[in-house]
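Residues per chain, in single letters:
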Amino acid sequence: MKNCLKEIILCITLMFALSANAQEFPQGKWEVMTQTIMPHLTTPIPAHKDIICVNDKNKERPPIAVHESCEFSSYKIVGNDASWQMKCKGELNMNGAGRIIFSTDEYKGSAIVKMKMPQSEPMEIDHTYIGKRIGDCK
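Right, let's walk through the structure included here. (Residues numbered from 1 in each chain as written. Predicted model: local features only at pLDDT ≥ 70, side-chain atom pairs only at ≥ 80, totals over all residues. Heavy atoms only, no water.)

**A closer look at the overall build of the chain**
Just so we agree on the cut-off: Helix and strand definitions here come from DSSP, where helices need a minimum of 4 consecutive H or I residues and strands a minimum of 2 consecutive E residues; each element is numbered from the N-terminal end. Between buried and exposed lies partly exposed: a residue is buried under 20% and exposed over 50% of the maximum accessible area for its type, with that area taken using a 1.4 Å probe on protein chains only. By definition in these notes, contact holds between two residues if any of their heavy atoms fall within 4.5 Å. Accessible surface is estimated by sampling points in the Shrake-Rupley manner with a 1.4 Å probe; for residues, cover comes only from the protein chains shown.
Of the regular secondary structure elements, the chain holds one helix and seven strands. When the helices and strands of the chain are placed in sequence order, the string is α-β-β-β-β-β-β-β. Each of the 138 residues in the chain was classed as buried or not, and the buried ones make up 26%. Pairs at least 24 apart in sequence give 41% of the contacts found in the chain among residues at least 6 apart. Just so you have it, the chain exposes about 9,700 Å², and 58% of that area is on carbon and sulfur atoms.

Structure follows, in structure tokens:
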């Protein structure tokens, strides 16, 4: 009976340890391909690649490239699912939400952003992301 109790306690301890580790996006250098789709454009926007370093300084935000005027809120990770809200100020009057599903070395996700530029109708912009961990940050 004592051995069974010890095994149960060990299993519970391991479950908590593994779930705690799953609550953080893997740190390191990430190559991120972003495809932007804007309605009403006759010519597609080419996908672009960014290198993002995830470390202790920026682990409280999603690993995507955005304009410096954009801020993230409600960034949360549940298991391997990260989600967020964002808002951009100034000329980039945008707000939106996104989500990525990740593993230790890759992720896929998307975001929908609503944008209003002066003298234009509001538009919705779709972003899709594919990330691949390519090493450690230097």
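Next comes the rest of the account.
**A look at the sheet that holds strand 4 (residues 81-88)**
Definition in use: Whether two strands pair depends on DSSP finding at least two bridges between them. Simply put, an axis is a line fit to the C-alpha atoms, just over the touching stretch for a helix, and the angle between two N-to-C directions goes from 0 to 180 degrees.
Here we have seven strands laid out as an open sheet, ordered 2-1-7-6-5-4-3, and antiparallel in their pairing. Where the open sheet ends on each side, the last strands, each with one partner, are strand 2 (48-54) and strand 3 (70-78). Between one strand and the next, the sheet's axes are offset by a mean angle of 20°, whatever the strand orientation. In terms of strand pairing, strand 1 (residues 28-37) meets strand 7 (residues 123-135) through nine bridges, oriented antiparallel. Residue W30 lies in a different strand from strand 7, and its bridge partner there is R133.

**Let's talk about the nonpolar core**
For the record, the criterion: We call a set of buried Ala, Val, Leu, Ile, Met, Phe, Trp, Tyr and Cys residues a nonpolar core when their side-chain atoms join them within 4.5 Å.
Grouped together as the largest cluster of nonpolar side chains are 22 residues, with contacts concentrated most on F25, W84, M86, M94, I100, Y107 and Y129. When contributions to this core are tallied by element, the ones reaching two or more residues are strand 1, strand 2, strand 3, strand 4, strand 5 (94-102), strand 6 (106-115) and strand 7. Sequence-distant contacts of Y107, that is, excluding residues within four places in its chain, are made with F25, W30, V32, P63, I64, I100, I101, F102, Y129, I130 and G131.

**Points about the pattern of salt bridges**
Our working definition: Salt bridges are defined by distance alone: a side-chain nitrogen of Lys or Arg within 4 Å of a carboxyl oxygen of Asp or Glu.
Applying the stated rule across the entire model yields five salt bridges. Its salt-bridge partner being K59, residue E24 comes within 3.7 Å of it at the nearest N-O pair. Taken together, the positions of E24 in the loop between helix 1 (2-21) and strand 1 and K59 in the loop between strand 2 and strand 3 put the pair 35 residues apart, joining distant regions of the chain. On the basis of relative accessibility, which here comes to 27%, the residue K59 falls in the partly exposed class. Among the ionic pairs, R133 bridges to D136, the shortest N-O distance being 2.7 Å.

**Observations regarding the environment of Q85**
Position of Q85 among the secondary structure elements: in strand 4. Of the residues examined, Q85 reaches a relative accessible area of 39% and is grouped as partly exposed. Between the C-alpha atoms of Q85 and F72, which are 13 residues apart in sequence, the distance is 5.7 Å. Among residues more than four places away in sequence, those in contact with Q85 are E71, F72, S73, S74, G96 and A97.

**Focus on the pairing of strand 4**
Direction of pairing for strand 3 relative to strand 4: antiparallel, over a ladder of seven bridges. Bridged to K76 within strand 4 is S83. A loop of two residues connects strand 3 with strand 4, the two strands running antiparallel in sequence, and G79 in this loop sits at a positive phi of about 65°. Relative to strand 5, strand 4 runs antiparallel, the two being bridged by eight bridges. Counted as the bridge partner of M86 is G96 from strand 5. What sits between strand 4 and strand 5 in their antiparallel hairpin is a turn of five residues, with G90 showing a positive phi close to 80°.

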